[in-house]
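Okay, here's what each chain looks like letter by letter:
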Amino acid sequence: MSNATLRHDWSLDEISQLFQLPFNDLLFQAHSIHRQHFDPNEVQISSLLSIKTGACSEDCGYCSQSAKHNTELERERLLPLEEVISKARIAKDNGSTRFCMGAAWRNPTDKNLDKVIDMITAIKDLGMETCVTLGMLTEQQTRRLKQAGLDYYNHNLDTSPEFYGEVITTRTFQDRLDTLEHVRQQGINVCSGGILGMGETATDRASMMQQLANMPQHPQSVPINMLVQIEGTPLYGADKIDAIEFVRSIAVARILMPESHVRLSAGRHEMSDEMQALCFFAGANSIFYGEKLLTTDNCKTNHDLQLFDRLGIQPSRIDEQAKQASA
Ligand code: SAM
Ligand code: DTB
Ligand code: SF4
């Protein structure tokens, strides 16, 4: 399907109307679009590793790793290369095609970036796709990541521009857009999405989707996280998002960004199998696989394998098209 069919001019009203469709109409539309662009029985599998944990100077209200919140988390320095390689090997043996490394930084120093680049090189040598999420980047740092062969950069918008200041005060929504612009300019695949269930309104969810869909290019990967509530963070105790509303959000992401991988991201371990099945039907076609996310538990791997088996879902192989986009 040519890019000419992709829209980047969605109005907030149009998106809100999609959200308000009868559930069956919304899911039918989303699933039909999903089938036009993807094998509906394939799900891409990524594994996550926190390569530097805690003591972050940002104040993101959802995050266990902010130095400003009183969480039980133990901080860890940047992991040694060998440890990262051995974790990536295990992920590969378990069927992951992409290895995502996250660091609790506002932004990386150039010295730290050298070390992350060594990790990217080593993991590419294993034949896996690479993704990193390191906070804000300068243009020069982004160029270095591109030269190292990085496949994806994850940098979430997290919520609407209107709600952003309620969740994070140490940076702006525009800071996020600026880093994403550097990543796009360098031809690195963009992984960008958000978190639902932080007390945002339905309009905030529509507005975040509008921001993602109206970027100059749709992010190749769109992680939709359900807030993992962490004691000691300001968002602990926030009103949980209704499961049906979460499925609707997946469907809307699929309709707005037909060629993107939509990732059913954090929060899966609190979802029923049936809710996850509905998300896959609505257009989710990527997950984090492995027993840990960054600092919290993910679903058990044998449970995920059983669920895939019950649903007739296969893990997808490396996406050659996306690889070429970043070549
Ligand atoms: N420090 C970098 C940054 O913020 O961009 C990278 C790591 S940060 C932990 C990556 C993403 O994880 C955040 O943007 C957010 O979307 C997600 N995240 C963090 N804590 C979460 C939580 N408790 N529940 C759901 N998603 C969360
Ligand atoms: C994304 O959208 N979700 C991941 C990844 N990108 C880096 C992180 C989820 C973190 C969940 C909470 C934790 O384990 O600390
Ligand atoms: Fe730091 Fe990222 Fe957590 Fe925000 S989300 S506190 S930037 S690690």
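See the structure above.
The structure reproduced in this document is the subject of the present report. (Residues numbered from 1 in each chain as written. Chains lettered and ligands numbered in written order. Predicted model: local features only at pLDDT ≥ 70, side-chain atom pairs only at ≥ 80, totals over all residues. Heavy atoms only, no water.)

Remarks on the site of ligand 3
In step 1: Residues in close proximity to ligand 3 include C56, E58, C60, Y62, C63, S66, A104 and R171, which together make up its full environment.
In step 2: Its residues placed into classes, the shell around ligand 3 shows five nonpolar, one polar and two charged. (Near = heavy atom within 4 Å. Nonpolar A, V, L, I, M, F, W, Y, C, P; charged D, E, K, R; others polar.)

Notes on the side chain of H31
In step 1: Structurally, the position occupied by H31 is in helix α2 (residues 23–37).
In step 2: For H31, a relative accessible area of 11% puts it in the buried group.
In step 3: Discounting chain neighbours no more than four positions away, the residues touching H31 are P40 and F281. (Helix = DSSP H or I, 4+ residues; strand = E, 2+ residues; numbered from the N terminus. Buried < 20%, exposed > 50% of the residue type's maximum accessible area, 1.4 Å probe, protein only. Contact = heavy atoms within 4.5 Å.)

Considerations on the site of ligand 1
In step 1: Taken together, 16 residues sit near ligand 1, with Y62, N156, D158, R176 and V228 positioned nearest.
In step 2: At 3.2 Å from a nitrogen atom of ligand 1 is found a main-chain nitrogen or oxygen belonging to A103.
In step 3: In this structure, an oxygen atom belonging to ligand 1 sits 2.8 Å away from a side-chain N or O atom of N156.
In step 4: Contact with the protein chains hides 91% of the accessible area of ligand 1, taken as 560 Å² for the molecule alone. (Polar contact = N/O pair within 3.5 Å; in protein donor to acceptor, adjacent residues only side chain to side chain. Areas by Shrake-Rupley, 256 points an atom, 1.4 Å probe, with all protein chains shown as cover.)

Examining the nonpolar core
In step 1: The biggest cluster of nonpolar side chains holds 85 residues, and the ones touching the most others in it are L134, L145 and F246.
In step 2: With eight residues, helix α9 (residues 243–256) is the single largest residue contributor to this core.
In step 3: Sequence-distant contacts of L145, defined by excluding residues within four places in its chain, comprise L113, I117, I120, L134, L137, L150, Y153 and I188. (Core = buried A, V, L, I, M, F, W, Y, C linked by side-chain atoms within 4.5 Å.)

A word on the pattern of salt bridges
In step 1: One pass over the full model with this rule turns up 16 salt bridges.
In step 2: Across the salt bridge formed by R205 and E200, the nearest N and O atoms sit 2.8 Å from each other.
In step 3: E200 gets classed as buried once you look at its relative accessible area, which sits at 9%.
In step 4: In this structure, K300 engages E291 in a salt bridge whose closest nitrogen and oxygen atoms are separated by 3.6 Å.
In step 5: Salt bridges sharing partners connect three or more residues here, namely R7, D9 and E14. (Salt bridge = Lys/Arg side-chain N within 4 Å of Asp/Glu carboxyl O.)

Brief notes about the packing of helix α3 (residues 81–93) against helix α4 (residues 110–125)
In step 1: Interhelical geometry of α3 versus α4 gives an angle of 35° and a closest axis separation of 10 Å. Considering only the axes of α3 and α4, their crossing is right-handed. Side by side, α3 and α4 meet where L81, V84, I85 and A88 of the first sit next to D118, M119, A122 and I123 of the second.
In step 2: Tallied by class, residues from the contact of α3 with α4 come to seven nonpolar, no polar and one charged. (Axes fitted to C-alpha atoms, helices over the stretch in contact; angles between N-to-C directions. Left-handed = near helix turned anticlockwise from the far one by under 90°.)

A closer look at α4
In step 1: Relative to the 22 Å expected for 16 residues at 1.5 Å per residue, α4 spans 23 Å between its end C-alpha atoms, a close match to the ideal helical length.
In step 2: Listing the buried residues of α4 in full gives N112, L113, V116, I117, M119, I120, A122 and I123.
In step 3: Looking at the buried side of α4, the elements it contacts are β1 (42–52), α3, β2 (98–103), β3 (129–133) and α5 (139–147).
In step 4: Positive phi appears at G127, one or two residues downstream of α4, with a value of about 90°. (Expected span 1.5 Å × (residues − 1).)

Looking at the pairing of β1
In step 1: With 10 of 11 residues buried, β1 lies mostly within the body of the structure.
In step 2: Summarising the sheet, β1 and strand β10 (residues 314–315) pair through two bridges and their orientation is parallel. The residue of β10 that forms the bridge with E42 is Q314.
In step 3: Note: β1 against strand β9 (residues 286–288), three bridges, orientation parallel. Paired with Q44 across the bridge in β9 is S286.
In step 4: Of the pairings in the sheet, the one linking β1 to β2 comprises six bridges and is parallel in character. Among the inter-strand pairings, S47 is bridged to a residue of β2, identified as F99. (Pairing = 2+ DSSP bridges.)

Considerations on unusual backbone geometry
In step 1: One non-glycine residue with positive phi stands out, namely A55, at about 55°.
In step 2: Assignment of secondary structure puts A55 in the loop between β1 and α3.
In step 3: The partly exposed category is assigned to A55, whose relative accessible area is 35%.
In step 4: The phi angle at D158 is positive, at roughly 70°, despite the residue not being glycine.
In step 5: Looking at where D158 falls in the secondary structure, it is placed in the loop between β4 (152–154) and α6 (164–167).

Topic: the environment of G312
In step 1: Counting through the fold element by element, G312 comes out in the loop between α11 (301–311) and β10.
In step 2: For G312, a relative accessible area of 41% translates into the label partly exposed.
In step 3: Considered as a pair, G312 and N41 are 271 residues apart in the sequence and their alpha carbons are 6.7 Å apart.

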